[in-house]
Amino acid sequence: MLSRVASKVILLQIAACLSFFGIGALAFAIWTGLSPSMGEAWAAALTALILLIAPLTAVLVLGIPRRKPKGLLGGFGGEETAAAMLTGIVRDRPFLLLLGAALLGAADAFFKKRK
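Residues numbered from 1 in each chain as written. Predicted model: local features only at pLDDT ≥ 70, side-chain atom pairs only at ≥ 80, totals over all residues. Heavy atoms only, no water.

> Describe the overall build of the protein chain, and please don't skip the residues or the numbers.
A tally of helices and strands in the protein chain yields four helices and zero strands. Secondary structure elements of the protein chain, listed N to C terminal, follow the sequence α-α-α-α. Accessible surface for the protein chain amounts to roughly 10200 Å². Of this, 74% is attributable to carbon and sulfur atoms. (Helix = DSSP H or I, 4+ residues; strand = E, 2+ residues; numbered from the N terminus. Areas by Shrake-Rupley, 256 points an atom, 1.4 Å probe, with all protein chains shown as cover.)

> Break down the packing of helix H1 (residues 2-38) against helix H2 (residues 40-63) for me, with residues and values.
Between two packed helices, both the angle of their axes relative to each other and the distance between the axes serve to describe the pair. Put simply, H1 and H2 touch, their axes get as near as 8 Å, and they point 140° apart. As the angle between them shows, H1 and H2 are arranged oblique. The crossing of H1 and H2 is right-handed. Facing Ile23, Leu26, Ala27, Ile30, Trp31, Leu34, Ser35 and Met38 of H1, the residues of H2 in contact are Glu40, Trp42, Ala43, Ala44, Leu46, Thr47, Ile50 and Leu51. Partitioning the contact of H1 with H2 into residue classes produces 13 nonpolar, two polar and one charged. (Axes fitted to C-alpha atoms, helices over the stretch in contact; angles between N-to-C directions. Parallel < 35°, antiparallel > 145°, perpendicular 65-115°, else oblique. Left-handed = near helix turned anticlockwise from the far one by under 90°. Contact = heavy atoms within 4.5 Å. Nonpolar A, V, L, I, M, F, W, Y, C, P; charged D, E, K, R; others polar.)

> Break down the side chain of serine 35 for me, citing the residues and quoting the values.
Tracing the sequence through the fold places serine 35 in helix H1. Polar contacts involving the side chain of serine 35 include one to the main-chain carbonyl oxygen of tryptophan 31, which spans 2.7 Å. With residues near it in sequence (within four places) discarded, serine 35 still touches Glu40 and Ala43. (Polar contact = N/O pair within 3.5 Å; in protein donor to acceptor, adjacent residues only side chain to side chain.)

> Break down the packing of aromatic side chains for me, citing the residues and quoting the values.
Taken as a whole, this structure holds one aromatic pair when the rule is applied. Between phenylalanine 28 and tryptophan 31, the aromatic rings sit 5.9 Å apart at their centres with planes inclined by 35°, giving tilted as the arrangement. Of this pair, phenylalanine 28 and tryptophan 31 both sit in helix H1, three residues apart, which is roughly one turn of that helix. A relative accessible area of 54% means that phenylalanine 28 is categorised as exposed. (Phe/Tyr/Trp six-rings, centres within 6.5 Å; stacked < 30°, edge-to-face > 60°. Buried < 20%, exposed > 50% of the residue type's maximum accessible area, 1.4 Å probe, protein only.)

> Can you explain a nonpolar patch on the surface? Please cite residues and give values.
A contiguous nonpolar patch, built from Ile10, Leu11, Ile14 and Leu18 and spanning about 410 Å² of accessible area, is present on the exposed surface. Relative to the assigned elements, isoleucine 14 resides in helix H1. (Patch = residues over 30% accessible without salt bridge, like charges linked within 9 Å, V, L, I, M, F, W, Y side chains within 5 Å. Salt bridge = Lys/Arg side-chain N within 4 Å of Asp/Glu carboxyl O.)

> Can you break down the side chain of threonine 47 residue by residue, with the values?
As for its placement among the helices and strands, threonine 47 is situated in helix H2. Classification of threonine 47 by relative accessible area gives buried; the value is 5%. In this structure the side chain of threonine 47 is engaged in a polar contact, spanning 2.7 Å, whose partner is the backbone oxygen of alanine 43. If we skip the residues at most four places from it in the chain, threonine 47 touches Ala27, Ile30, Trp31 and Leu34.

Encoded structure:
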């Protein structure tokens, strides 16, 4: 277990180093391309602006909250409808009732952990 965690941490560090190196190389390439026509200071400023716009756009696009469907059935009747359907299915089968209750309890615990 510890070796799996350690290997994932190492892979995460490698990915972070590669992304930082790639961003640095991209910045250098943009700056090198813009320097002859704009001068070094303006080329550096424009490179910084270009590399700042992409993450800000991503944060704005991905940061906008979206509506989530309500209830177990995605807004179709809510929990009462789901409970009525399950009651109709397991009315004469106590084993299915226990199994369904266990599954719903596990799903509820799983989704409460993620919030």
